[in-house]
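# Close look at the chain arrangement
Here are the chains, one letter per residue:
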Amino acid sequence: MAKRDRRTRRQILASLCEGVSIRSCERIFDVEQNSVAKLLADAGDMAITLMKRTKGLMVETIQADELYSFVGAKQVNVDRMTVPVEGAGTVWGYLAVCAKSKLIFNYHLGDRSYPHARAFMQSTADKLLRENAGGPFVVRPKIITDGLTSYVDAVGDVFGSYADHGVYKKRYQTKGKDGQTLQRKRCVGADRIVQSGEIDETDIHTAFVERQNLNVRMKNRRFGRRTNAFSKSAEHHERQLALTLVYQNYCVVPAPKRQTDKKGKPLKDAEGNPLPWIKRLTPAMEAGIADGVWEVDHLLDLTDSFTAERRRQERQAKKEAAERLKALFSKPKADQPVRAPFWVYESKVHHQTKVHSHACKNCNDGRGKGGKGDTKSGRWLACEDLDGAKALAEALQPDRSTICNMCLGSYHTRGYRDPR
């Protein structure tokens, strides 16, 4: 995407955030598929980093739920895949939503077992502001979950007595309203259970997080229950999800809402007229972590900055690795000789390697018999231990690596004239 103009890149990124597939972007904007995938990978990695760095939040009510999706193939077809994909099958996306601001501040991908539920709750707790390390939270959270049994132990183990837990457990039936048998269960009601702490039963519901589930499905085709736009790898699946959440949190302004009471009836003034509609902000602005509405251009700027910084770090890491390698194979200075207990001599003429002790007269601390060190016919490599020297010698010449008989072999252990 480096050769594409900014306007095209912005339009492609906006389309990806709104649920347009990679192939559709390829056809609409007349670009290569790899170019769209590269932009999605960079923007997705930026979004993952941004979501991980979102911490220090003060959330009073947290609603958590799971979102069904699959990678590679549906679970029943995983064994029939001709090219198996790591992480293929059903993938549940855990979402944590602030009930007040509607901010989706945490996510986790996995199954619905206890280890993944606990990992999700642990990462959720790490994003909340505490009074001290390991202590109570500045704002005591109320955690509302559905009837998944893994949540009960996960919330208790992670939050302990520092949070209240309510469960919204739905009831299902296999019979229809007319008594007919249904292929899928239908919800006929729900029980509001106070699992721990003190929670008003009217606050025990998952309406807000289920609405955000719908928003994710509408803006991310990979989360459709019946779709051929599913993710082909778990890595791209997480990238697209993180990008969708960042776009939903920072860029999407909800429609104005009517002022209502707890029962949903419109509030009226003294004259009986309905109160004016309330203009709403983005979830990030409501939560106090953003000053204004982000445009797609801002996401593109963040992506370019993130990519440039990552490339800089990669170049720095390669430079440091090259310096370490250079220091390992560099020639010793006359005034600062390298001292090592073992040395490996690599002969460029005979294409073989031999391990020596530093006191061997053939080695002479890596300087050789003549004291010249490395020459055109071979070089000396310092090692800290015998096992490392043998491994290095074998790595350089797998079929022609030996040890010096004078200092390490039979001459040294049995004597030069003894029978061998």
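For the structure given in this document, a descriptive report is provided here.

What counts, and where the lines are drawn
Residues numbered from 1 in each chain as written. Predicted model: local features only at pLDDT ≥ 70, side-chain atom pairs only at ≥ 80, totals over all residues. Heavy atoms only, no water. Helix = DSSP H or I, 4+ residues; strand = E, 2+ residues; numbered from the N terminus. Buried < 20%, exposed > 50% of the residue type's maximum accessible area, 1.4 Å probe, protein only. Contact = heavy atoms within 4.5 Å. Areas by Shrake-Rupley, 256 points an atom, 1.4 Å probe, with all protein chains shown as cover. Lys, Arg positive; Asp, Glu negative; His and termini not counted. Charge placed at Lys NZ, Arg CZ, Asp CG, Glu CD. Axes fitted to C-alpha atoms, helices over the stretch in contact; angles between N-to-C directions. Parallel < 35°, antiparallel > 145°, perpendicular 65-115°, else oblique. Left-handed = near helix turned anticlockwise from the far one by under 90°. Nonpolar A, V, L, I, M, F, W, Y, C, P; charged D, E, K, R; others polar. Polar contact = N/O pair within 3.5 Å; in protein donor to acceptor, adjacent residues only side chain to side chain. Salt bridge = Lys/Arg side-chain N within 4 Å of Asp/Glu carboxyl O. Core = buried A, V, L, I, M, F, W, Y, C linked by side-chain atoms within 4.5 Å. Pairing = 2+ DSSP bridges. Arc of directions from axis to C-beta.

## Here we look at the overall build of the protein chain
Along its length, the protein chain carries eleven helices and ten strands. Relative to its 420 residues, the protein chain shows a buried fraction of 40%. Summarising the internal contacts of the protein chain: among those between residues at least 6 apart in sequence, 60% fall at separations of at least 24. In the structure as shown, the protein chain presents an accessible area of about 24600 Å², 49% of it carried by carbon and sulfur atoms. Across the protein chain, 72 positive and 51 negative side-chain charges occur, with their mean positions spaced 5 Å apart.

## So, the packing of helix α2 (residues 22-29) against helix α3 (residues 33-53)
Where α2 meets α3, the axes come as close as 9 Å, and the angle between the chain directions of the two elements is 125°. Classified by the angle their axes make, α2 and α3 are oblique. As for the relative orientation of α2 and α3, their crossing is right-handed in sense. Contacts from I22, R23, C25 and E26 of α2 reach α3 at Q33, V36, A37 and L40. Its residues assigned to classes, the contact of α2 with α3 comprises five nonpolar, one polar and two charged.

## Section: the environment of Q259
In this fold, Q259 is placed in the loop between α7 (234-250) and α8 (283-287). The sequence separation of Q259 and I278 amounts to 19 residues, and the corresponding C-alpha distance is 6.9 Å. For Q259, the residues in contact, after removing those within four places along its chain, are K265, P266, L267, L275, P276 and I278. Within the local environment of Q259, its side chain forms a polar contact with the backbone oxygen of P276, the two atoms lying 2.9 Å apart.

## What to know about the pattern of salt bridges
Once their charged atoms are close, side chains differing in charge can pair, the charge on each being opposite to the other. Applying the stated rule across the entire model yields 16 salt bridges. For the salt bridge of D45 with R239, the shortest nitrogen-to-oxygen distance reads 2.9 Å. Of the two residues, D45 is situated in helix α3 and R239 in helix α7; the sequence distance between them amounts to 194 residues. Classification of R239 as buried rests on a relative accessible area of 10%. With its nearest N and O atoms 2.9 Å apart, the salt bridge here joins D164 to R140. Taken together, the residues span a long stretch of sequence, with D164 in strand β5 (residues 164-175) and R140 in the loop between α4 (114-126) and β4 (142-146) at a distance of 24 residues. Classification of D164 by relative accessible area gives buried; the value is 6%.

## Structural notes on the nonpolar core
One broad trend across soluble globular proteins is that nonpolar side chains are buried collectively. The biggest cluster of nonpolar side chains holds 39 residues, and the ones touching the most others in it are I12, L13, Y107, L245 and L299. If we ignore the near neighbours within four places in the chain, the residues touching Y107 are I48, M51, Y94, L95, F120, E238, L241, A242 and L245. Counting 23 residues, the second largest nonpolar core, distinct from the first, contains C98, F120, V158 and A163.

## Remarks on the sheet that holds strand β8 (residues 352-357)
With respect to topology, four strands assemble into an open sheet ordered β9-β7-β8-β10, the strand pairing being mixed. Strand pairing shows two members of the sheet lacking a second neighbour, β9 (378-383) and β10 (401-403), which therefore form its edges. Across the sheet, the axes of successive neighbouring strands diverge by a mean angle of 25°, strand direction being ignored. With six bridges joining them, strand β7 (residues 342-347) and β8 adopt antiparallel strand pairing.

## Remarks on α2
Those residues of α2 that sit buried are I22, S24, C25 and F29. Each buried residue of α2 lies within a common arc of 155° when the element is viewed along its axis, so the set occupies one face. Close packing links the buried residues of α2 with α1 (6-17) and α3.

## Quick word on the environment of D269
Locating D269 in the fold gives a position in the loop between α7 and α8. Reaching out from D269, the side chain makes a polar contact with the backbone nitrogen of G272 at a distance of 3.0 Å. A polar atom in the side chain of D269 sits 2.7 Å from the backbone nitrogen of N273.

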